[in-house]
Amino acid sequence: MSEIQNTADVVVIGGGVIGMAVARALTLRSAGRVLLIERGSLGRESSYAAAGMLAPQAEADRADEFFNLCSRSRDMYPAFAGALAAETGIDIELDTSGTLYLAFNEHDQEELAHRYDWQTNSGLSVEKLEGDAVRRLEPCLSAEVRAALRFPRDIQVENRRLLSALAVSNEKLGVRLLSGTTVESLRLEHGRVVGVETSGGFFSTPTVVMAGGAWTTFITSTDPATPGVRIEPVRGQMVCLEAHPRLAEHVIYSPRGYIVPRRDGRLLAGSTTEHAGFDKRTTAAGVSSILSHALEISPLIAGLPLVDSWAGLRPRAADNLPVLGASNEARGLVFATGHYRNGILLAPLTGELIASLIVDNVVSPFMQSFGPERLTATELC
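Read across the open sheet, the eight strands follow the order E5-E6-E4-E15-E16-E17-E14-E18; overall the sheet is mixed. If you trace the sheet from one side to the other, it starts and ends with strand E5 (127-130) and strand E18 (306-316), each paired once. Each neighbouring strand pair of the sheet contributes to a mean axis angle of 20°, computed without reference to strand direction. Pairing analysis gives five bridges linking strand E14 (residues 232-242) to strand E17 (residues 266-270), with the strands arranged antiparallel. Residue pairing in the sheet places methionine 238 in a bridge with glycine 270 of E17. Across the sheet, helix H8 (residues 284-297) touches strand E4 (99-103), E14, strand E15 (251-253), strand E16 (258-261), E17 and E18, and the angle it forms with E14 is around 55°.

Structure below.
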């Protein structure tokens, strides 16, 4: 390789939704030559296995800084989807039908009441529906549904189309995309990043964005005094059914599971939370649990063909929160990892936050609580 081919202004490690969103944002902000390095194929790990829900209100128990981060990123999606369509011609199928959260028993109703109270007190969009009203809205629902909350601003995206759009956008913008290449270590000199050692050779760069998801922990440093961030894989299994005509219009949650209708008639159901290392196989127990929870939502699912199942490895930090920001130990190292169950949701905002940090040296208020310095020594590698 020539010296120019071996040099970049920024190297992004990881080609999932976060890495590609960061690379795109950096290029749009004129960050110079951006190189993205992916160990496998672009967008084929956790991002590919996701359900594409953009539902911070349905999933939050309280208003805190993480909820604000997620809500801000969700609200960026209409403009994000429009920009990607203009750049690539790919419709990422942003569906704004909204999300339902169901209650089947007294405990579920108490949970809904708590969520409704704090969200209405916070001025958020949420509607309370009784059982008959929610079944009129979605006739597929079980007769056992007692009540529901409807979140009109919690929406969904077709995550696999999103990944395709990001890959095409990065290519058109001139990002160098290097797949099938493993980053083995960061090279540091005097406490500063000078490049990355990879299975394809050394690449010189002053800035590295660590967006390696569940594989972040494996990327070491030539300086043993510089800790990384410990990220563990958490397996989530998914089931795909076929529904023609569509069974539902909304994303539908219960406290135990969810179903996600797609435009093409697929119906996704999930999910599990398993500490199984890097084993991505689906299991009989996992699929059985998912189907049981889906059938609670709608008994009509019993008659649908099961067409696929898969699992992804969610990247989890010790406190379940993303790791966003610059390293205190290695100048030029920036983290954008550990998004756990929210990679698709947080992609647009993560891209903007990391690009602003690198290009303008601005630490957004949205990012201040999620830096790597919050983690204790036992949570660092």
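To continue, consider the pattern of salt bridges. Two side chains with opposite charge may pair up if their charged atoms get near one another. A full pass over the atoms with the stated rule returns 29 salt bridges. As a salt-bridge pair, glutamate 249 and arginine 246 come within 3.8 Å of each other at their nearest N and O atoms. In this structure, aspartate 319 engages arginine 374 in a salt bridge whose closest nitrogen and oxygen atoms are separated by 2.7 Å. Here the residue aspartate 319 occupies a position in the loop between E18 and strand E19 (323-326), and arginine 374 occupies one in the segment after helix H9 (343-360), the gap between them amounting to 55 residues.

Counted under the stated rule, the structure contains one cavity of 30 Å³ or more. Glu93, Asp95, Gln156, Val157, Glu158, Pro261, Arg262 and Arg263 together form the lining of the largest cavity. Residues belonging to the lining of the largest cavity are distributed by class as follows: two nonpolar, one polar and five charged.

Now for the packing of aromatic side chains. Here the structure, examined in full by the defined rule, presents seven aromatic pairs. Ring geometry for phenylalanine 218 and phenylalanine 278: centres 5.4 Å apart, planes at 55°, overall tilted. Here phenylalanine 218, found in the loop between strand E12 (208-210) and strand E13 (220-221), pairs with phenylalanine 278, found in the loop between E17 and H8; they are 60 residues apart in sequence, far enough to count as distant. Its relative accessible area of 53% is what places phenylalanine 218 among the exposed residues. On the basis of an interplanar angle of 55° and a centroid distance of 5.8 Å, the ring pair of tyrosine 253 and tyrosine 258 is categorised as tilted. The same class applies to tyrosine 253 as to tyrosine 258, namely buried. Taken together, the ring pairs connect Tyr101, Tyr253 and Tyr258 into an aromatic cluster. Of note, arginine 44 hangs over the ring of tyrosine 48, and the distance from its end group to the ring centre comes to 3.9 Å.

As a further point, take unusual backbone geometry. Cis geometry is found at the peptide bond from histidine 244 to proline 245, where omega equals 0°. Secondary-structure assignment places proline 245 in the loop between E14 and E15. In the segment running from glycine 270 into serine 271, the intervening peptide bond is cis, with an omega of -10°. Of note, serine 271 is situated in the loop between E17 and H8. Its identity is not glycine, yet glutamate 93 carries a phi of approximately 55°, on the positive side.

Below, the discussion takes up the pairing of strand E1 (residues 10-13). Both faces of E1 are covered, namely the face carrying Val10 and Val12 and the face carrying Val11 and Ile13. Relative to strand E2 (residues 34-37), E1 runs parallel, the two being bridged by four bridges. By the bridge assignment for E2, valine 11 is matched with leucine 35. In this fold, the crossover linking E1 to E2 by way of helix H1 (residues 17-28) has right-handed handedness.

The rules behind each value
- Residues numbered from 1 in each chain as written.
- Predicted model: local features only at pLDDT ≥ 70, side-chain atom pairs only at ≥ 80, totals over all residues.
- Heavy atoms only, no water.
- Pairing = 2+ DSSP bridges.
- Helix = DSSP H or I, 4+ residues; strand = E, 2+ residues; numbered from the N terminus.
- Axes fitted to C-alpha atoms, helices over the stretch in contact; angles between N-to-C directions.
- Contact = heavy atoms within 4.5 Å.
- Salt bridge = Lys/Arg side-chain N within 4 Å of Asp/Glu carboxyl O.
- 1 Å grid on protein atoms, 1.4 Å probe; cavity = no way out; pocket = protein on both sides within 12 Å on 5 of 7 lines; lining within 4 Å.
- Points joined across faces, edges and corners; volume = space filled by probe spheres on them.
- Nonpolar A, V, L, I, M, F, W, Y, C, P; charged D, E, K, R; others polar.
- Phe/Tyr/Trp six-rings, centres within 6.5 Å; stacked < 30°, edge-to-face > 60°.
- Buried < 20%, exposed > 50% of the residue type's maximum accessible area, 1.4 Å probe, protein only.
- Lys NZ or Arg CZ within 6 Å of the ring centre and 35° of its normal.
- Right-handed = clockwise from strand over helix to strand, strands pointing away.

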